[in-house]
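Here is how the chains run, residue by residue.
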Amino acid sequence: MSETSKRPIVVKIGGSTLGAEDTTLDDVVALHQAGERVAVVHGGGAMITDWLTRLDVPSEFVDGLRSTSAEAMEVVVAVLRGVINTQLVAAIVQRGGRAVGLSGVDGGVVRAERYDPRLGYVGRVTSVDGAFLGALMEAGAIPVIAPVGLEAPEQPLNINADTVAGEVARAVGARQLVFLTDVDGLLDGDGVLIPALDAERAEALRAAGTLSGGMIPKVEACFRAAEAGAVAHMVNGRTGGTLRRVAGGEAIGTRIA
């Protein structure tokens, strides 16, 4: 295996991605069994919203990010680490994979800090322990990472999962970062797929308002990973075999490098 092919593939799975036709977890296991090093980062915003509503915990969004109170933070940790992470790990193991679930708090693998009083317990990433994650992959495990970071000495923080995926890709020296979404990739103002994106085009799309909302942290994470040598992709995860096709070099979705 070449040095390039030894570099990991980081996959970001969103809660809205896993549908009836989705084969993402099958693809993850197949790639892993073929000798690839794979790490998974997942989100869970929809389930967090559902549980906050059930428990009558107030929640609001500021500039597209969930403002997280101390009470809401308990729900965030419970849902991301306790429910979604465990479900994904179990599903991968059921398919014959060897997955290890963790959040950024485990081993202090994702360090973070609060940066906006309006957002409460929301963090930005200050560091990722790529050696720790690399050791897990070297041992034959698939790290499945919940986007909760650790602010010293002991405070968990809610972090945007797309951002975590980009920083993990940088830290482990990934060759590919794959965002699995529920659309075919990044679309222009006319709804036409953009097959390749550079910084200049991204800025123009942002200025025009075409690039907005949840796509902004995805694109920013892609460029962060690309700075460290990864090729990033935004693709439709609801189409069967998508991850294996991207890993095999097929040109689908939007490519950012």
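Residues numbered from 1 in each chain as written. Predicted model: local features only at pLDDT ≥ 70, side-chain atom pairs only at ≥ 80, totals over all residues. Heavy atoms only, no water.

(A) Quick peek at the overall build of the protein. Across its full length, the protein holds nine helices and 14 strands. In summary, the protein has a C-alpha radius of gyration of 17 Å against a globular reference of 18 Å for 257 residues, a match within 12%. C-alpha atoms of the protein, sized along the principal axes, occupy 45 × 45 × 35 Å. The buried share among the 257 residues of the protein stands at 50%. Taking the intrachain contacts of the protein between residues at least 6 apart in sequence as the baseline, contacts between residues at least 24 apart amount to 72%. For the protein, the computed accessible surface area is about 11400 Å², with 51% contributed by carbon and sulfur atoms. Measuring between centres, the 23 positive side-chain charges of the protein sit 5 Å from its 31 negative side-chain charges. (Helix = DSSP H or I, 4+ residues; strand = E, 2+ residues; numbered from the N terminus. Rg over C-alpha atoms; globule rule 2.2 N^0.38 Å. Buried < 20%, exposed > 50% of the residue type's maximum accessible area, 1.4 Å probe, protein only. Contact = heavy atoms within 4.5 Å. Areas by Shrake-Rupley, 256 points an atom, 1.4 Å probe, with all protein chains shown as cover. Lys, Arg positive; Asp, Glu negative; His and termini not counted. Charge placed at Lys NZ, Arg CZ, Asp CG, Glu CD.)

(B) Fine view of the sheet that holds strand E1 (residues 9-13). In spatial order, the strands read E5-E8-E2-E1-E11-E13-E14-E12; together these eight strands make up an open sheet with mixed pairing. The sheet is open, and its two edges are formed by strand E5 (99-103) and strand E12 (196-197), each paired on a single side. Sheet topology note: the strand E2 (residues 38-42)/strand E8 (residues 142-146) ladder contains two bridges and is parallel. Paired with Val40 across the two strands is Val144, which belongs to E8. Running over the sheet, helix H5 (residues 130-138) touches E2, E5 and E8 and is turned about 140° from E8. (Pairing = 2+ DSSP bridges. Axes fitted to C-alpha atoms, helices over the stretch in contact; angles between N-to-C directions.)

(C) Broad picture of the pattern of salt bridges. By the definition in use, this model includes 16 salt bridges. Here Glu151 ties to Arg114 by a salt bridge, and the two come within 2.6 Å at their closest N and O atoms. In this pair, Glu151 is assigned in strand E9 (residues 148-151) and Arg114 in strand E6 (residues 110-114), connecting sequence segments 37 residues apart. Taking relative accessible area as the criterion, Arg114 reaches 38% and is therefore assigned partly exposed. Taken together, the salt bridges that share partners define one network made up of Glu167, Arg170, Arg224 and Glu227. (Salt bridge = Lys/Arg side-chain N within 4 Å of Asp/Glu carboxyl O.)

(D) The packing of aromatic side chains, seen in detail. Per the counting criterion, the structure on display carries zero aromatic pairs. Sitting over the face of the ring of Trp51, Arg54 holds its NZ or CZ atom 4.1 Å from the ring centroid. (Phe/Tyr/Trp six-rings, centres within 6.5 Å; stacked < 30°, edge-to-face > 60°. Lys NZ or Arg CZ within 6 Å of the ring centre and 35° of its normal.)

(E) Structural detail: the nonpolar core. Among the nonpolar cores identified, the biggest contains 40 residues, and Val10, Leu133, Val168, Leu186 and Leu197 are the most heavily contacted of them. It is helix H8 (residues 215-227) that provides the largest number of residues to this core, a total of seven residues. Those residues in contact with Leu197 that lie beyond four places of it in its chain are Leu186, Ala202, Leu205, Val219, Phe223, Thr254, Arg255, Ile256 and Ala257. Within the second largest apolar cluster, 35 residues are counted, among which are Val11, Val76, Leu80 and Val144. (Core = buried A, V, L, I, M, F, W, Y, C linked by side-chain atoms within 4.5 Å.)

(F) Layout of the pairing of E9. Of the two faces of E9, the one holding Val148 and Leu150 and the one holding Gly149 and Glu151 are both buried throughout. Bridging between E9 and strand E10 (residues 155-158) involves four bridges; their strand directions are antiparallel. Of the residues in E10, the one forming a bridge with Gly149 is Leu157. Remark: three residues form the turn of the hairpin made by E9 and E10, two consecutive strands paired antiparallel.

(G) Seen up close, H8. A rise of 1.5 Å per residue sets the reference length of H8, with its 13 residues, at 18 Å; its end C-alpha atoms lie 19 Å apart and thus fit the reference within 8%. Where burial is concerned, most of H8 is hidden: ten out of the 13 residues are buried. Taken together, the buried positions of H8 are Met215, Ile216, Pro217, Lys218, Val219, Ala221, Cys222, Phe223, Ala225 and Ala226. In this fold, the buried residues of H8 make contact with helix H6 (161-172), strand E11 (176-181), E12, helix H7 (199-207), strand E13 (231-236) and strand E14 (254-256). Just beyond H8, the residue with positive phi is Gly229, at close to 100°. (Expected span 1.5 Å × (residues − 1).)

(H) Here's a closer look at the packing of H6 against H8. Relative to each other, H6 and H8 sit at 5°, their axes nearing to 8 Å. By the angle between their directions, the pair H6 and H8 is classed as roughly parallel. Seen from H6, the contacting residues are Asp162, Thr163, Gly166, Glu167, Ala169 and Arg170; seen from H8, they are Pro217, Lys218, Ala221, Arg224, Ala225 and Glu227. Taken together, the residues of the contact of H6 with H8 break down into four nonpolar, two polar and six charged. (Parallel < 35°, antiparallel > 145°, perpendicular 65-115°, else oblique. Nonpolar A, V, L, I, M, F, W, Y, C, P; charged D, E, K, R; others polar.)

(I) Looking closely at unusual backbone geometry. In the segment running from Ala152 into Pro153, the intervening peptide bond is cis, with an omega of 0°. Take Pro153: it is sitting in the loop between E9 and E10. Here the phi dihedral of Asp56 falls at roughly 60°; this positive angle occurs in a residue that is not glycine. Turning to its location among the elements, Asp56 is positioned in the loop between helix H3 (45-54) and strand E3 (60-62).

(J) View of the environment of Pro153. Exposure remark for Pro153: the relative accessible area of 74% places this residue in the exposed category. Distance in space between the C-alpha atoms of Pro153 and Leu31 is 37 Å, their sequence separation being 122 residues.

(K) Geometry of the side chain of Asp22. Within the fold, Asp22 resides in the loop between E1 and helix H2 (24-33). Arg95 is the oppositely charged side chain nearest to the buried, salt-bridge-free Asp22, at an N-O distance of 6.7 Å.

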